[in-house]
Amino acid sequence: MNVVAFEEFGPAHNLVLAERPMPVCAPDEVLIKTAAVSVNPVDVKTRQGEALASQLDHALPLILGWDVAGEVVAVGDNVKHLNEGDAVFGMIRFPLPPNGYAQYVTAPAEELAVIPAGVSWEAAAASTLAALTAWQAFTHFGELKAGDRVLIHAASGGVGHFAVQMAKHLGAYVIATSSAKNKAFVESLGADEHIDYKAVRFEDVTGDIDFCLETQGGAQFQRSVSVMRDGGTIINLPSGLVESDREAAEAKGLVVNYFMHVFPSGEHMHEIAAMLGEGTLVPHISERYALEDTAAAHAHIESGRTVGKVVITL
């Protein structure tokens with residue numbers, strides 16, 4: 001079968017098309033004929049030698065691709081809830097080597113959900129790691145409640161555009177930041193207020209925030225703390241916070257997750273599947289690439305101009 005792999009960390013052109021033997025599923029796994037794979041910033045940063053690179057260097061040559069959608073073509077002996085022919089999707093094996101940039105991939109059955117009727121392969125693949133991150137931020141690492149004022153940074157990005165839709169689904173009042181060029185897009189997702197972060201400082205135009213999804217880190221963390229109500233919740237996605245950040249949060253009695261780690265969950269994928277099936281959640285796919293053009297997909301994300309998601313189709 002064809003895969004895209006790299007033998008050493010570095011630039012996007014290290015990603016090359018190669019041949020590998022067909023994988024065989026273990027008793028608790030299924031074998032998937034891959035139809036679509038979504039590309040995330042963590043894929044790009046890992047390939048560059050950052051993010052998860054130090055954890056995965058033992059697996060070189062490495063095949064990335066944690067976000068998979070496709071058809072089940074073989075089922076392990078212990079798998080009872082999935083069958084051959086099922087259309088499934090999920091974030092598989094994260095943060096272990098996923099092997100998703102491939103024509104076939106094995107996956108733990110417990111990490112998958114069945115794709116609802118009418119949802120495309122591409123839409124399903126796009127609604128995995130980024131969607132899980134947003135959903136787990138609101139329902140596992142924090143508790144977003146109906147009526148909460150939620151501030152979502154980078155609302156036009158992969159995680160952000162799911163977060164806006166999910167927050168509205170949960171009944172929150174959504175204040176979203178992005179550049180002015182993405183204002184209409186963010187508002188179309190359901191945002192109640194939009195803040196152009198290039199034109200104004202968000203802390204000058206909003207406040208009394210119950211819940212913040214903080215995606216940038218650095219100085220923005222304490223700026224976000226400044227607009228929170230006492231006892232509010234901040235979920236922080238990036239690392240690199242310093243002691244003064246913790247002190248600022250503790251001074252307001254905030255509930256803080258300082259570095260959220262998304263994790264595979266079939267249960268959460270079922271919940272995301274339900275939202276996709278109802279039309280409550282609609283992924284935005286900005287670019288599509290063929291498997292052999294995976295390096296170009298990575299380069300697109302490196303440009304920093306991605307709105308929504310980038311997907312590889314097979």
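Provided above is the structure to which this section pertains.
Engineer: Report on the overall build of the chain, specifying residues and quantitative values.
Structural biologist: Secondary structure assignment for the chain yields eleven helices and 15 strands. Rg of the C-alpha trace for the chain: 19 Å, near the compact-globule value of 20 Å for 314 residues, within the 12% margin. Oriented by its inertia axes, the alpha-carbon framework of the chain measures out at about 55 × 40 × 35 Å. Taken across its 314 residues, the chain has 57% of its residues classed as buried. A separation of at least 24 residues holds for 66% of the contacts in the chain among residues at least 6 apart in sequence.

Engineer: Can you lay out the packing of aromatic side chains for me, pointing to particular residues and giving the numbers?
Structural biologist: Under the counting rule described, the total for this entry stands at five aromatic pairs. Relative to F211, the ring of F138 lies with its centre 5.4 Å away and its plane at 65°, an arrangement referred to as edge-to-face. Taken as a pair, F138 in helix α4 (residues 129-139) and F211 in strand β11 (residues 209-214) lie far apart in primary sequence, 73 residues in all. Just as F138 is buried, F211 falls in that class too. The ring of Y258 carries the charged tip of R246 above its face, separated from the ring centre by 4.1 Å.

Engineer: Hey, could you go over the sheet that holds strand β12 (residues 228-236) for me, with residue numbers and the actual values?
Structural biologist: On the basis of which strands lie adjacent, the open sheet formed by six strands has the order β10-β9-β8-β11-β12-β13 and parallel pairing. Of all strands in the sheet, those bounded by a partner on one side alone are β10 (193-196) and β13 (255-257). Geometrically, the sheet is characterised by an average inter-axis angle of 20° between neighbouring strands, direction not taken into account. Examined bridge by bridge, strand β8 (residues 149-152) and β11 share three bridges and lie parallel to one another. Within the sheet, the bridge partner assigned to L151 lies in β11 and is C212.

Engineer: Could you give an account of unusual backbone geometry, with specific residues and numbers?
Structural biologist: For the bond running from L60 to P61, omega is -5°, close enough to zero to count as cis. Within the secondary structure, P61 sits in the loop between α2 (53-56) and β4 (67-75). Here the bond from F94 into P95 is cis, since omega is 5°, no more than 30 degrees from zero. Backbone geometry at A51 places phi at a positive 50°, although glycine is not the residue there. With respect to the helices and strands, the residue A51 is situated in the loop between α1 (41-48) and α2. Residue A51 is classed as partly exposed on the basis of its relative accessible area, which comes to 45%.

Engineer: Account for the packing of helix α8 (residues 219-226) against helix α9 (residues 243-251), with residues named and values stated.
Structural biologist: Two elements in contact, α8 and α9, have axes whose closest approach is 10 Å; the angle formed by their N-to-C orientations is 10°. It follows from the interaxial angle that α8 and α9 lie roughly parallel. For the pair α8 and α9, contact is made by F221, Q222 and V225 and by S244, D245, A248 and A249, respectively. Here the contact of α8 with α9 is composed, by residue class, of four nonpolar, two polar and one charged.

Engineer: Quick one: what's the story with the pattern of salt bridges, residue by residue and with numbers?
Structural biologist: Overall, the coordinates contain nine salt bridges when judged by the stated rule. Here E302 and R47 are joined by a salt bridge, their closest N and O atoms 3.2 Å apart. Placement of E302 in helix α11 (residues 294-302) and of R47 in helix α1 is noted, with a sequence separation of 255 residues between them. In this structure, the salt-bridge partner of R229 is D210, at a minimum N-O distance of 2.3 Å.

Engineer: Give me the environment of R305: which residues, what numbers.
Structural biologist: By the element assignment, R305 lies in the loop between α11 and β15 (309-313). Residue class for R305 comes out exposed when judged on its relative accessible area of 59%. Along the chain, R305 and T106 lie 199 residues apart, while their C-alpha atoms are 32 Å from each other.

Engineer: Outline the nonpolar core, listing residues and values.
Structural biologist: F89, Y101, F138, V150, I152, M166 and I272 are the most contacted members of the largest nonpolar core, which totals 76 residues. No other element matches α4, which puts eight residues into this core. Excluding residues that lie within four positions of it along the chain, Y101 makes contacts with V3, V4, V37, V39, D43, I63, L64, G65, L291, T294, H298 and I312. One finds F221, V225, L254 and Y258 within the second-largest nonpolar core, a separate group that totals 16 residues.

Engineer: Residues and numbers for α4, please.
Structural biologist: In an α-helix, one turn spans 3.6 residues; hence positions three or four apart end up facing the same way. For α4, the tally of buried residues reaches ten of eleven residues, placing the bulk of the element in the interior. Where α4 is concerned, the buried positions are L129, A130, A131, L132, T133, A134, W135, Q136, A137 and F138.

What counts and how
In this convention, every chain numbers its residues from 1, walking through the sequence in written order. For this predicted model, a pLDDT threshold of at least 70 governs which residues receive local features, and a threshold of 80 or more governs which side-chain atom pairs are given and counted, while totals over whole chains, interfaces and linings are taken from all residues. Note: side-chain values were computed over all heavy atoms of the structure, leaving out hydrogens and water. Counting from the N terminus, the helices are DSSP H or I runs at least four residues long and the strands are E runs at least two residues long. Our radius of gyration is a C-alpha quantity, and the globule rule it is checked against amounts to 2.2 Å times the number of residues to the power 0.38. A 1.4 Å probe rolled over the protein chains alone gives each residue an accessible area, and that area as a share of the maximum for its type sets the label: buried under 20%, exposed over 50%, partly exposed in between. Whether two residues are in contact is decided by their heavy atoms: any pair within 4.5 Å suffices. In this analysis, rings of Phe, Tyr and Trp, with Trp reduced to its six-membered ring, are considered paired at centre separations within 6.5 Å, and the interplanar angle assigns stacked below 30 degrees, edge-to-face beyond 60, and tilted for intermediate values. Geometrically, a charge over a ring is one whose NZ (Lys) or CZ (Arg) sits within 6 Å of the ring centre while staying within 35 degrees of the ring normal. Following DSSP output, two strands are said to pair if at least two bridges run between them. Axes, fitted as lines to C-alpha atoms, cover a helix only where it is in contact. Angles between the N-to-C directions of the axes lie from 0 to 180 degrees. Here the word oblique covers every angle except those under 35 degrees (roughly parallel), over 145 (roughly antiparallel) and from 65 to 115 (roughly perpendicular). For this classification, the nonpolar set comprises Ala, Val, Leu, Ile, Met, Phe, Trp, Tyr, Cys and Pro, the charged set comprises Asp, Glu, Lys and Arg, and every other residue, Gly included, is treated as polar. Whenever a carboxyl oxygen of Asp or Glu lies within 4 Å of a side-chain nitrogen of Lys or Arg, that contact is scored as a salt bridge. Here the nonpolar core consists of buried residues drawn from Ala, Val, Leu, Ile, Met, Phe, Trp, Tyr and Cys, with membership extended through side-chain atoms lying within 4.5 Å.

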